[in-house]
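Observations on chain architecture
Listed below, chain by chain, are the residues.
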Amino acid sequence: MRRPWLPSAVVPGAVVLVLLALGAGVALAVGSALGLSFHPAAVPVERPVAAPAPAGPAAVVGKVEAPDDPVIQAAARTVPVKPGGPTLQVSVTPTPGGFRLTGHTLQAATPADAATALYAIADRVRSAEPLTTVVPPRLGLRLTDLGSVGITPDPAAFAAGTDYSLATSPLRDAIRPGPPYLDPAAVSRLSGQFRQLVDHDLAQGYNGVVVSGFLEYLTFGDAVYPAGDQHRDRARAMVAVLGPVWRYAHDKGMKVFFAADMVTETPPLKAYLDRSGQSVEDPGFWRIYQAGLAEFFRALPYADGLMIRIGEGGDVYKTPGQDISSSIGVTTPKAVRTMLTALLDTAGRAGKDIIFRSWTVGVGAVGDLHTNPASYDEVLGGLHDPHLIVSTKYTAGDFYSHLPLNETLLRGDQRRIVEFQARREFEGFGSLPNDLGAVEQQALQRFLAANPHIEGVWNWTQDGGPLRAGPMSLHLRAGFWQLADLNTYVTARLAADPSGNPGQYTADWVRQTFSTDPATVRALTQVFALSREAITKGLYIGPYADQTVKALGLSPPPMMWIFEWDIVTGDSAALDSIYAVSAGHLDEAIAEGDQAIAAVGRMRALVDSTPAGSWRDPVLRQRFVATLDYETSLFDTLGAYRTMVLRHAQWLSTGQAYDEWKAAEGRYQALRADHVRRYAGNVDLPAYNFTAADLGSARADRDPVMAWLARGLLAALVVGLVAGHRTTVVRALWTGATQPWRLAPEPVTRTDRVLVIAIPAVAVVLSRAIFTWFASPAHLVLTLGSWLLYALVLRSLVRRVDAFALWAALGGAALLRTVILLLGLVARGPGKLWFEFWTDPGVRLYYLTVAFAAFLWVFVACGAAMRGRQPAGRVLIAVGVPAAVFGGLVSLIGLEQALTWWNDQLAVLPWGLSRILGLTVYLGIPEWLPVAVAGFGLALILAGGLTTWTGRRRAATLGA
């Protein structure tokens, strides 16, 4: 006699315990992956103040007498002269510290030192400051980026504001696919812009520039490109045409560094590396790059070194018209050390430097190199080379406010430079007043006090973020670029003298840029002193931003509600987590929005108090007023939005604040519509992107209705169970859900056969639609399609027998799983379920344990109902088919695209993730995952087929 698949007592209980244990394991793994935790961060306290009056009598120079050196003479020509003033005498003679200025006598150790002093003197004359403030620079290496060189001010390209490409190569508009490979007119424009940039940077106190590009200039001899390959001809053209362009900076006394991501490749170079079969941890992998670096320094002998970034890469950085790509491929400590050792050997032989950027974005074993002192020591500890410079952002993260200073800059015995960003990409792309002098001074003073190896700064005047998603403010050339130029100027002054008054540096810049009228200067310095309060409260939710947060194994930025740049997010992961962190200070978090608006109002009143005639250019005053009006509109809208999302989360958490949520929502919708109406398409003051916010808001609006639908469906199921407990269908479904091994053939009607399928099917479809707010076709196709395929395949495998018991088992188990889902939805809809998932470890553990166990119970129940018909094999096949089909479908669509569709419809994770690095990259999800799922499904089908076949053979043998 055949034994039932599951004996009646002990085994079922053991199976349930095993399923619950598996569910608990999954729940614990998910909880560990989410890992939301937070603790107070050591955020620098900013106390910017307006500067006092100038420190002494204004400097006056009648003329400059200096040695006939081109570098010195170029600097001397920038000094404003006043007939009748004293003569400035310049000489080059051995001088400790670089130079010494006594009265109007300047002694300098080298022509470069003389030029540095002359640029500083010219600055003080323009600022009406005394010459006593001119001192030898504290930091010897003061780098800038390329600014807006090569970028076309194209209003049509900027107007949409949705181009989040990070490709900002200065060669974008100059490259041509064929000979002569570079457009002569574009190169001419680029050359003029570069000269303007160099002259401006020198005048502000910088002595080095970083030019993007490396692989473009390499032929690799005969190793990579065959004879006649266009890559060779293009590289030679780049050296011949662009080499003299960049040399201008060298001839003016600046250091010139080039920059590249690693690993950077062309298709032929990638093929060459693939043929080698070596990994990035093998020294042999880097030999071709060593050969290229040696060629690079021979072709461009004035280059002072190469800057390397390993922390970002991918197609989002690919420049149109070029086949050069990059990838995040150097992701282990061994790989980093192998790469640096190889490249430093080549650079050292040429007397050049390698600047290694420690910036990483959480990918790989070195993902926290940028902020974790232990990782820094593991990767770079003991790596000593006089030609190695490590460049690090001053914040413990990206260029946000509300972040601690970067502790990795307090350690390490390598040469170090500190990175700053003038046009803050996350704080309006330079469209808002944002004086960073006070916080940058704190950073430099702390780093210098702790680390004697700090020797320079690298200031980004234009770089950072997607160029065309923000305003068309192009450094020195378009838009209200002066706002970011303030930070460029102040950073240079701080690099020269970190002990000075940053408020005075701001006042000096105001005199040079906006006005020499004392009252106007005083008013504008007060405006800039207020600017940080407006930014740090208007763009951040303080109680959250002032915490160090961990989630999903990553460190989310302090501005998660705007992720990233101008994308106001609407996802549950970010907003629910922000509420959970801020819940104890909710009123404070909301009040900060009003405080920011009040600060902007005071700034606007100060600018209004300045007469237009007191400005150097009244147009600049008009732009400043327009900027403050824009800031008011933006902060009004964001203030209403922060109130709306925090009150909605409060309602999800406690059931309270419903009226406050809806009132804030009405205000937000009106203000957002007005903001978009006024600023959409404005290339100088672009509207923020509220697409994701509106997606999230629309789903939040449905939460109350979804909760009632879930209650209704759950009530209908319970009432139907109670009222129909004597009917064949209800008894069968109950048995299928609780004791499927007890299902036995019995007389049933056609109606019974329909209802045993229809009732669970309707419940499954409606519950999953409620779970998705009736807004996610992608989720429904995946889940409902999987249920349908599983059921059809299972039925086809037992087609010669009465399937009523099978449908009862499947339907009963599906109803059990549906009831568990509905219990999570009845309180306050899907929003509440996701809120608990993100923020409550206990509820998440319980729910996932039970829900996953019930999911597995579906397969157990079906197997039990089939009794002796090789159930294990048939269930494996039925499970394998949906996995193979949907795994294959997702692999054809592309995992990133499929996840983007799913997330855009559910608003679970930040909408911006897929527009930046991508969900798969940011979360570390391998692109091959759907292929693996499809393969796993095929393996289950094969295993199920073998199991079924061997079962039949065994049954046939026993029967014989």
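Residues numbered from 1 in each chain as written. Predicted model: local features only at pLDDT ≥ 70, side-chain atom pairs only at ≥ 80, totals over all residues. Heavy atoms only, no water.

Describing the pairing of strand E15 (residues 454-460)
For E15, the buried fraction is high: six of the seven residues fall into the buried class. Summarising the sheet, strand E6 (residues 141-144) and E15 pair through four bridges and their orientation is parallel. In the strand pairing of E15, Leu 143 is matched with Trp 458. (Buried < 20%, exposed > 50% of the residue type's maximum accessible area, 1.4 Å probe, protein only. Helix = DSSP H or I, 4+ residues; strand = E, 2+ residues; numbered from the N terminus. Pairing = 2+ DSSP bridges.)

With respect to the pattern of salt bridges
A side chain of one charge can pair with a side chain of the opposite charge if their charged atoms are brought near each other. Applying the stated criterion across every chain yields a total of 37 salt bridges. Salt-bridge contacts for Arg 349 lead to Asp 345; the nearest nitrogen and oxygen are separated by 3.2 Å. Placement of the pair is Arg 349 and Asp 345 together in helix H9 (residues 333-350), with a separation of four residues, close to one helical turn. Classification of Asp 345 as partly exposed rests on a relative accessible area of 36%. Salt-bridge contacts for Glu 665 lead to Lys 662; the nearest nitrogen and oxygen are separated by 2.7 Å. Separated by three residues within a single helix, Glu 665 and Lys 662 lie in helix H19 (residues 658-679), roughly one turn from each other. Taken together, the salt bridges that share partners define one network made up of Asp 123, Arg 124, Glu 129, Arg 493, Asp 508 and Arg 511. (Salt bridge = Lys/Arg side-chain N within 4 Å of Asp/Glu carboxyl O.)

Overview of the nonpolar core
In this structure, Phe 514, Leu 539 and Phe 624 are the most contacted members of the largest nonpolar core, which totals 192 residues. The greatest single-element share of this core, amounting to 16 residues, is contributed by helix H18 (residues 618-654). Not counting residues within four places of it along the chain, the set of residues in contact with Leu 539 comprises Phe 426, Glu 427, Leu 432, Ala 534, Met 559, Trp 561, Ile 562, Leu 634, Phe 635, Leu 638 and Tyr 688. Ranked by size, the runner-up nonpolar core spans 99 residues in total, among them Ala 76, Val 125, Val 149 and Ala 342. (Core = buried A, V, L, I, M, F, W, Y, C linked by side-chain atoms within 4.5 Å. Contact = heavy atoms within 4.5 Å.)

Some remarks on the sheet that holds strand E3 (residues 87-92)
As a general point, the strands of a sheet are linked pairwise by backbone hydrogen bonds and lie either parallel or antiparallel. Pairing in this open sheet of four strands is mixed, and the strands run E2-E3-E5-E4 from one edge to the other. Each of the sheet's edge strands pairs with one partner strand only, and the pair in question is strand E2 (63-65) and strand E4 (99-102). Mean inter-strand twist for the sheet, computed between neighbouring axes without regard to direction, equals 15°. Of the pairings in the sheet, the one linking E3 to strand E5 (residues 105-108) comprises four bridges and is parallel in character. Bridge pairing links Ser 91 to Gln 107 in E5. In the packing of helix H3 (residues 111-127) onto the sheet, the strands contacted are E2, E3, E4 and E5, and the crossing angle to E5 comes to about 145°. (Axes fitted to C-alpha atoms, helices over the stretch in contact; angles between N-to-C directions.)

Quick word on the pairing of strand E7 (residues 208-212)
The two faces of the sheet receive side chains in turn, since in a regular strand these alternate between them. Among the five residues that make up E7, four are buried, leaving the element largely enclosed by the rest of the structure. Chirality of the crossover, the property in question, places the unit of E7, helix H6 (residues 230-251) and strand E8 (residues 255-261) among those that are right-handed. (Right-handed = clockwise from strand over helix to strand, strands pointing away.)

Here's the deal with a nonpolar patch on the surface
Judged by side-chain polarity, Val 705, Leu 709, Val 762, Leu 766 and Phe 774 come together as a nonpolar surface patch covering roughly 410 Å² of accessible area. Those elements that place two or more of their residues in the nonpolar patch are helix H20 (691-723) and helix H22 (750-771). Mapped onto the elements, Val 762 comes out in helix H22. (Patch = residues over 30% accessible without salt bridge, like charges linked within 9 Å, V, L, I, M, F, W, Y side chains within 5 Å. Areas by Shrake-Rupley, 256 points an atom, 1.4 Å probe, with all protein chains shown as cover.)

Quick notes on the UniProt feature "transmembrane region" (unreviewed entry) in the protein
Taking the numbering used here, the UniProt-annotated feature "transmembrane region" (unreviewed entry) corresponds to residues 705-724, 754-774, 780-798, 805-825, 845-866, 875-895 and 928-949. As a span, residues 845-866 carries 100% helix and 0% strand, and end to end its C-alpha atoms are 32 Å apart. Within residues 928-949, the helical portion is 95% and the strand portion 0%, while the C-alpha atoms at the span's ends are 31 Å from each other. (UniProt positions renumbered as here; feature names shortened; annotations may be inferred.)

Points about the domain arrangement of the protein
Domains assigned within the protein are domain 1 (14-37 + 701-958), domain 2 (141-496) and domain 3 (535-688). The partner domain 3 presents 34 residues to the 25 residues of domain 1 that form the contact. Between domain 1 and domain 3, a total of about 2300 Å² is buried, with carbon and sulfur atoms accounting for 67% of that surface. Counting the contacts that link domain 1 with domain 3 gives one salt bridge. Lys 662 serves as the salt-bridge partner of Asp 701, at 2.9 Å between the closest nitrogen and oxygen. Taken together, the connections running from domain 1 to domain 3 amount to nine residue pairs in polar contact (both at pLDDT 80 or more). Elements with a minimum of two residues in the side of domain 1 that touches domain 3: helix H1 (10-34), H20, helix H25 (829-839) and helix H29 (919-923). By residue number, the principal contributor to the side of domain 1 that touches domain 3 is H25, which donates six residues. (Domains from an automatic or database assignment. Buried area = accessible area lost by both parts, 1.4 Å probe. Polar contact = N/O pair within 3.5 Å; in protein donor to acceptor, adjacent residues only side chain to side chain.)

Observations regarding the packing of H3 against helix H13 (residues 502-513)
With their axes 8 Å apart at the nearest point, H3 and H13 run at an angle of 75° to one another. Taken together, the axes of H3 and H13 lie roughly perpendicular to each other. Listed contacts from H13 to Asp 123, Arg 126 and Ser 127 of H3 are Asp 508, Arg 511 and Gln 512. Here the contact of H3 with H13 is composed, by residue class, of no nonpolar, two polar and four charged. (Parallel < 35°, antiparallel > 145°, perpendicular 65-115°, else oblique. Nonpolar A, V, L, I, M, F, W, Y, C, P; charged D, E, K, R; others polar.)

As for the packing of aromatic side chains
The full count for this structure, using the stated rule, is 40 aromatic pairs. Judged by centre distance (5.0 Å) and plane angle (75°), the ring pair of Phe 837 and Trp 838 falls under edge-to-face. Linked through ring pairs, Phe 480, Trp 509, Phe 514, Phe 528, Trp 615 and Phe 624 together constitute an aromatic cluster. A cation over a ring is seen here: Lys 662 above Trp 661, with NZ or CZ 4.5 Å from the ring centre. The ring of Trp 708 carries Arg 711 above its face, with NZ or CZ at 4.4 Å from the centroid. (Phe/Tyr/Trp six-rings, centres within 6.5 Å; stacked < 30°, edge-to-face > 60°. Lys NZ or Arg CZ within 6 Å of the ring centre and 35° of its normal.)

Quick look at the side chain of Asp 752
Positionally, Asp 752 belongs in helix H22. As a buried residue without a salt bridge, Asp 752 has its nearest oppositely charged side chain in Arg 753, at a separation of 7.8 Å. Asp 752 has contacts with Thr 728, Val 729 and Phe 804, leaving out every residue within four places of it along the chain. (Lys, Arg positive; Asp, Glu negative; His and termini not counted.)

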